[in-house]
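Spelled out from the first residue to the last, the chains are:
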Amino acid sequence: MIFTKFARNRLCKIDKSARVCYNVGRNQPRGTDMIKAIIFDLDGTVADTISAIREGVNMTMEQFGYPTHTDADIRCFINHGARELIRQALPESVSADPARVDEALDVYQGMYDQTYTHTNLCYDGMVEAMCALKEKYALAILSNKQDRMVKGLAAQLLPAGTVKIAQGQIEGVPTKPDPTAVWEICRTLGVAPEGCAFVGDSDVDMMTAINAGCLPVGVSWGYRSEEVLLKAGAKVIVQHPEE
């Protein structure tokens, strides 16, 4: 089961040249001897949301008469919030105009509102893993997706009570990799950032963990490669939720 190695206060990943281990107890500040909370990214970590995002993006592009995009395109655009997603999806001839980006973003909000619930399954094994983890750790979800939709998806995908907090992009709060939202979640959960692991599939997630002072944990089944995750600072790479 994912994170069962935390029980022994030791986590390992395989590097090309050696087994690199991260000793949780030794590397955390005095008074913090184990991980007490886990924050998960949503897209590409808990569930594969690309198809539903692509639907919303392409409905927006079609309304303006712009070219549509593939799943591979959307994977390149995500991780930095809805506005950046739409900016990158727009043709270069208009993407540099903030007013045109805002106009398209407003349309996208309505389109994605129609499609985001099309994501109706977690990655295989994630529900079971998270239900087991909540017995020992305080769990949360943090995404750069719109807050209302993060809360809706968490409620749709996971049994009630699995996560204590499901939070997305909120006006006035910087998006990942800024650590502000992570620190606020940690305060709400009553844990120090050093006692929290941040689990995600992208370099943005690993940078978020490092910026916040959390343990950066990458997953191999998402939208970025293990090489990208390790380069961004992942201390652990999980290959499957059942690990």
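Residues numbered from 1 in each chain as written. Predicted model: local features only at pLDDT ≥ 70, side-chain atom pairs only at ≥ 80, totals over all residues. Heavy atoms only, no water.

Comments concerning the environment of valine 101
Following the sequence through the fold, valine 101 ends up in helix H6 (residues 98–115). Spatially, the C-alpha atoms of valine 101 and isoleucine 86 are 6.9 Å apart, while their sequence positions differ by 15 residues. Non-local contacts of valine 101, meaning those with residues more than four positions away in its chain, are made with Arg83, Ile86, Arg87, Leu90, Val94 and Ser95. (Helix = DSSP H or I, 4+ residues; strand = E, 2+ residues; numbered from the N terminus. Contact = heavy atoms within 4.5 Å.)

A few points about the nonpolar core
In terms of nonpolar packing, the biggest core is built from 52 residues, with Ile38, Phe40, Val57, Tyr108 and Ile141 touching the most fellow members. Those residues within four positions of valine 57 in sequence are excluded, and the remaining contacts are His69, Ile74, Leu85, Ile86, Ala89 and Tyr108. Of all hydrophobic cores here, the second largest spans 17 residues; its members include Ala37, Ala138, Leu189 and Cys214. (Core = buried A, V, L, I, M, F, W, Y, C linked by side-chain atoms within 4.5 Å. Buried < 20%, exposed > 50% of the residue type's maximum accessible area, 1.4 Å probe, protein only.)

Structural notes on H6
For H6, with 18 residues, the first-to-last C-alpha span of 25 Å sits near the 26 Å given by 1.5 Å per residue. Buried within H6 we find Val101, Ala104, Leu105, Val107, Tyr108, Met111, Tyr112 and Thr115. In this structure, the buried side of H6 is in contact with helix H2 (50–64), helix H4 (82–89), helix H5 (92–95), strand S4 (138–146) and helix H8 (147–157). For H6, the N-terminal cap is aspartate 97; the gap from its side-chain oxygen to the backbone nitrogen of alanine 99 is 3.0 Å. (Expected span 1.5 Å × (residues − 1). Polar contact = N/O pair within 3.5 Å; in protein donor to acceptor, adjacent residues only side chain to side chain.)

Quick notes on the sheet that holds strand S7 (residues 215–219)
With parallel pairing, six strands are arranged side by side in an open sheet as S5-S4-S3-S6-S7-S8. Looking at the sheet topology across the chains shown, the edges are occupied by strand S5 (165–169) and strand S8 (236–238). Averaged over all neighbouring strand pairs, the angle between strand axes comes to 25 degrees, with direction disregarded. Taken together, the three bridges between S7 and S8 define a ladder with parallel strand orientation. (Pairing = 2+ DSSP bridges. Axes fitted to C-alpha atoms, helices over the stretch in contact; angles between N-to-C directions.)

Thoughts on the packing of aromatic side chains
Here the structure, examined in full by the defined rule, presents four aromatic pairs. Seen from their ring centres, phenylalanine 64 and tyrosine 66 are 5.7 Å apart, and the 10 degrees between their planes marks the pair as stacked. Taking relative accessible area as the criterion, phenylalanine 64 reaches 25% and is therefore assigned partly exposed. Among the residues examined, tyrosine 66 registers a relative accessible area of 17% and is labelled buried. Taken together, Tyr108, Tyr112 and Tyr116 form an aromatic cluster joined through their ring pairs. (Phe/Tyr/Trp six-rings, centres within 6.5 Å; stacked < 30°, edge-to-face > 60°.)

Examining the pattern of salt bridges
Here the idea is simple: oppositely charged side chains can pair when their charged atoms come close. Counted under the stated rule, the structure contains 10 salt bridges. Aspartate 71 is paired through a salt bridge with arginine 54; the nearest N and O atoms lie 2.3 Å apart. With a gap of 17 residues between them, aspartate 71 in helix H3 (residues 71–77) and arginine 54 in helix H2 connect regions that are remote in the sequence. The exposure class of aspartate 71 is partly exposed, given its relative accessible area of 24%. Judged by relative accessible area, which is 24%, arginine 54 ranks as partly exposed. Close ionic contact of aspartate 205 with lysine 176 constitutes a salt bridge, the shortest N to O distance being 2.8 Å. Residue aspartate 205 is found in helix H10 (residues 203–212), and its partner lysine 176 is found in the loop between S5 and helix H9 (180–189); the two are separated by 29 residues along the sequence. As far as the burial class goes, aspartate 205 and lysine 176 line up, both buried. Three or more residues are tied together by salt bridges with common partners; here these are Asp41, Lys176 and Asp205. (Salt bridge = Lys/Arg side-chain N within 4 Å of Asp/Glu carboxyl O.)

Observations concerning the side chain of threonine 45
Relative to the helices and strands, threonine 45 is located in the loop between strand S3 (37–40) and H2. What makes threonine 45 buried here is its relative accessible area of 0%. Separated by 2.9 Å, the side chains of threonine 45 and aspartate 41 make a polar contact. For threonine 45, the contacting residues outside a window of four places in its chain are Phe40, Tyr123, Met126, Val199, Gly200, Asp201, Val219 and Trp221.

Quick word on the packing of H4 against H6
Running from amino to carboxyl end, H4 crosses H6 at an angle of 110 degrees, the nearest separation of the two axes being 9 Å. One element, H4, and the other, H6, form an angle in the roughly perpendicular class. Here the hand of the crossing between H4 and H6 comes out right-handed. Contacts between H4 and H6 involve Ala82, Arg83, Leu85, Ile86 and Arg87 from the former and Pro98, Val101, Asp102, Ala104, Leu105 and Tyr108 from the latter. Residue classes in the contact of H4 with H6 are distributed as eight nonpolar, no polar and three charged. (Parallel < 35°, antiparallel > 145°, perpendicular 65-115°, else oblique. Left-handed = near helix turned anticlockwise from the far one by under 90°. Nonpolar A, V, L, I, M, F, W, Y, C, P; charged D, E, K, R; others polar.)

Any link to function would need more than the numbers given here.
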